[in-house]
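# Structural overview
Next come the chains, spelled out residue by residue.
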Amino acid sequence: MTTPDRDRLTDRVTAGPGGAMTVQVGVITGDLTVTTTDLGDGTAAVVIHYTGAEDRYDLEGGPVRIPPTGIAALHRAVLDAVRTEGAAYVPGAAP
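Residues numbered from 1 in each chain as written. Predicted model: local features only at pLDDT ≥ 70, side-chain atom pairs only at ≥ 80, totals over all residues. Heavy atoms only, no water.

Here we come to the side chain of threonine 22. Within the secondary structure, threonine 22 is located in strand 3 (residues 20–22). A distance of 3.1 Å separates a polar atom in the side chain of threonine 22 from the backbone nitrogen of valine 25. (Helix = DSSP H or I, 4+ residues; strand = E, 2+ residues; numbered from the N terminus. Polar contact = N/O pair within 3.5 Å; in protein donor to acceptor, adjacent residues only side chain to side chain.)

Moving on to the nonpolar core. Core analysis: the largest hydrophobic core is formed by 22 residues, its most contacted members being Leu32, Val34, Ile48, Val78 and Val82. Elements represented by at least two residues in this core include exactly strand 2 (8–14), strand 5 (31–38), strand 6 (43–50) and helix 1 (71–84). At six residues, the largest contribution of residues to this core is made by helix 1. Other than its neighbours up to four places away in sequence, isoleucine 48 contacts Ala20, Thr22, Ile28, Leu32, Thr33, Val34, Arg56, Tyr57 and Val82. (Core = buried A, V, L, I, M, F, W, Y, C linked by side-chain atoms within 4.5 Å. Buried < 20%, exposed > 50% of the residue type's maximum accessible area, 1.4 Å probe, protein only. Contact = heavy atoms within 4.5 Å.)

Quick look at the environment of threonine 10 now. Looking at the element boundaries, threonine 10 is found in strand 2. For the pair threonine 10 and threonine 35, spaced 25 residues apart in sequence, the C-alpha separation works out to 4.3 Å. For threonine 10, the side chain forms a polar contact with the side chain of threonine 35, separated by 3.0 Å.

Written out as structure tokens, the structure reads:
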């Protein structure tokens, strides 16, 4: 379920094998909430947290340039990466 905001998209996702790599605490797994935010300069930040928890973490590899297809396409790519890749990074960022 995407929660749209003018410059922000939020969804819940269950991390796949290997979870999602964060800047602050390394890999997190389980039921996560992902928020992709347009920073207003052509880039977006991706913040991830355990669903229902207060602590927020930056997904490794951000901020990243928003592709020509838009922030919604970037957000979908992030969700797909978290679902399927081991230790997922922001798509388009070099690990």
